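# Results of the structural survey
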Amino acid sequence: MQEKGSISIHTENIFPIIKKFLYSDHEIFLRELVSNAVDATQKLKSLGQLGEFKGELGELKVKVSVDKEARTITISDRGLGMTAEEIKKYINQIAFSGATEFVEKYKEKDAAAKDQIIGQFGLGFYSAFMVAKEVEIFSKSYKDDTEGAHWVCDGSTEFSLETTDKADRGTDVVLHVAEDSDEFLEAARLKGILNKYCKFLPVEIEFEGEVINQTAPIWTKQPSELTDEDYVKFYQELYPFSEPPLFWIHLNVDYPFNLTGILYFPKVKDELQFQRNKIQLYSRQVFITDEVKDVVPEFLMLLHGVIDSPDIPLNVSRSFLQADANVRKINTYITKKVADKLAELYRKDRAGFEEKWSDIGLFVKYGMLSDEKFYDKAKDFALVQNTASKYFTLPEYQEFIQANQKDKNDQTVVLYTSDPEAQHAYVQSATERGYDVLKLDAVLDPHFIGQLEQKLEKTTFKRVDADTVSKLIEKDEATESVLSEDDKTKLQDVFKQAISNEHMHVQVEALSPQDAPVIITLPEFMRRMKDMQRVGGGGGMQMFGSLPDSYTVSVNANHPVAQRVLQAEGEAGSTLARQAFDLALLAQGLLKGEALTAFVKRSADLLAAE
Ligand SMILES: Nc1ncnc2c1ncn2[C@@H]1O[C@H](COP(=O)(O)OP(=O)(O)OP(=O)(O)O)[C@@H](O)[C@H]1O
């Protein structure tokens, strides 16, 4: 029997379109054909279990081979096979409907939308025509008394179908590779594709005499069957040469959607690494993509690992994916799981949790900033560290500073440093005053501070160098000044002249005699705007970034230096004032260049004069 026919579609030119426009994704033809072979094998196994197939299953490997001379790639399986009728139904009609739908959608869109569709569309069997000028199917059904069938199609809408002698059950798909697709005749190229997409398929895939896949990757197993070593080993298989992960979460849901996977918390020191090891998305163990943007909440993209879900629609455009109810539920589920895991680690092993904080703090803060629900869970285990390296949770810290750091308006003032080295002098005067100072020196901390101020009641944050220590937390008691009003004005004038810089606002203040003679501070508001802009606030923040810094110079009226400046004759007062000012600049890390040279010289002169 030989039958010739015409594949009934309205779009005559489907193949040129498939071929031309799926260009960037040509390699997926192999994923599609191998997955079909695996599906056919799995179906036969199920039929065996149901008692509908009573024969021997025998060896069920899927074999991929390439013949460079003959210019063919063959994908063979020993699955359930197809009769001629089934080929007509499944290949000529069903498989084609997918391809036709693609073309229909494709034609409607403009150029930008086309790119999206191409990336998202699984074309199934017909993707073979992206690389082949002719495709043959040799198939024999598992059903008794059926003849083998041989189907040929040259990429036009014409096909031929005839009976053939095929001894073994199953399907061979033979691709006659087109001239412009020579790369796929290279064994190394095919092996690369198989490794990328088929590494964890549930049926053995053989290529060049070797099985290339693990049929039961660990995410398909129960956590109780697995040891820590198994998880670490798998991580290193996914991301060779990476440091072992800190910990992991085994995901496993079957209702209301289906999802398994393992998410690892990587050990990362530098942030650039985040991009490299991406989460891989699988659908029934077939690799789909590592662009998981809409499936995983954004802050969790910093994690690594595998997510496997047949419920994620893969063949649709991105905007549809975002709106998909399953995808939204998956997002919520993953966020909850991650928060629960962190809460458990905190509860069970506080010391271990503190040790890991430098690695996981970034995830947690990012999560708190980007997801309200995550914030609500994380607010009880997120940690802050003070300059004495002690960790506190937020409630613990509020409790800790409660008594000492309330200002006269009943606001709790959290003091922090963004650079303990550079702001050392300020940290020291705050701690000498009995205040506690937090280390908030991470990239995200300016945003984190903003969030905490909104969330925590009656709490403000101030950087230690935002004001003189007595004004950082304003109390009712004021230190008396030993200077008369006249002397204060005089002192202010001497300093103004000695400094002569319009961005330095000189004021005379009654501070403790133990404080420095001059203290330079950058008002909290001004500095925050600049910080925000630096970490990418952009937009409206831009104008603050381009403003020059505007510092406050507080001259300590109660310091002995104030008296000496007032009593000095001629130029000496100005020299002393400049010297005291430079010392303050030095403490802020602001004394540089010519000013530093002048300071060193003046210091030497002053030493010599004593
Ligand atoms: N190796 C095979 N053995 C048995 N049947 C097959 C084989 N390859 C394809 N088929 C049949 O052809 C049909 C169409 O295949 P095609 O790959 O185009 O679509 P699909 O697998 O149903 O969906 P997808 O778009 O996800 O690939 C399959 O559903 C299956 O019934």
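Residues numbered from 1 in each chain as written. Predicted model: local features only at pLDDT ≥ 70, side-chain atom pairs only at ≥ 80, totals over all residues. Heavy atoms only, no water.

### Looking at unusual backbone geometry
Geometrically, the link from Tyr-255 to Pro-256 is a cis peptide bond, its omega value of 0 degrees lying close to zero. Phi angles above zero are rare outside glycine, and Arg-71 is one such case at about 60 degrees. With respect to the helices and strands, Arg-71 occurs in the loop between β2 (62–67) and β3 (72–77). Among the residues examined, Arg-71 registers a relative accessible area of 24% and is labelled partly exposed. Despite not being glycine, Arg-284 shows a phi value in the positive range, around 50 degrees. (Helix = DSSP H or I, 4+ residues; strand = E, 2+ residues; numbered from the N terminus. Buried < 20%, exposed > 50% of the residue type's maximum accessible area, 1.4 Å probe, protein only.)

### Quick notes on the packing of aromatic side chains
The final tally for this structure, using the stated rule, is 27 aromatic pairs. On the numbers, 5.3 Å between centres and 65 degrees between planes, the contact of Tyr-235 with Tyr-239 is edge-to-face. Residues Tyr-346 and Phe-353 carry aromatic rings whose centres are separated by 5.6 Å and whose planes lie at 70 degrees to one another, so their mutual orientation is edge-to-face. Residues Tyr-346 and Phe-353 agree in their burial class; the two are buried. In textbook terms, an aromatic cluster arises when at least three aromatic residues are bridged by ring pairs, as seen for Tyr-197, Phe-200, Trp-219, Phe-234, Tyr-282 and Phe-287. Note that Lys-390 overlies the ring of Phe-392, its terminal NZ or CZ placed 5.1 Å from the centroid. Stacked on the ring of Tyr-375, the Lys or Arg Lys-455 has its end atom at 4.7 Å from the ring centre. (Phe/Tyr/Trp six-rings, centres within 6.5 Å; stacked < 30°, edge-to-face > 60°. Lys NZ or Arg CZ within 6 Å of the ring centre and 35° of its normal.)

### Describing the pattern of salt bridges
Scanning all chains against the criterion turns up 31 salt bridges. Close ionic contact of Arg-71 with Asp-182 constitutes a salt bridge, the shortest N to O distance being 2.6 Å. With Arg-71 in the loop between β2 and β3 and Asp-182 in the loop between β7 (170–177) and α5 (187–197), this pair connects stretches of sequence that are 111 residues apart. The partner of Lys-267 in a salt bridge is Asp-359, with the nearest N and O atoms 3.4 Å apart. Of this pair, Lys-267 sits in the loop between β11 (259–265) and α7 (273–276) while Asp-359 is found in helix α10 (residues 350–370), placing the two residues 92 residues apart along the sequence. Several salt bridges share partner residues, and in doing so they unite Glu-27, Glu-183, Arg-189 and Lys-196 into one network. (Salt bridge = Lys/Arg side-chain N within 4 Å of Asp/Glu carboxyl O.)

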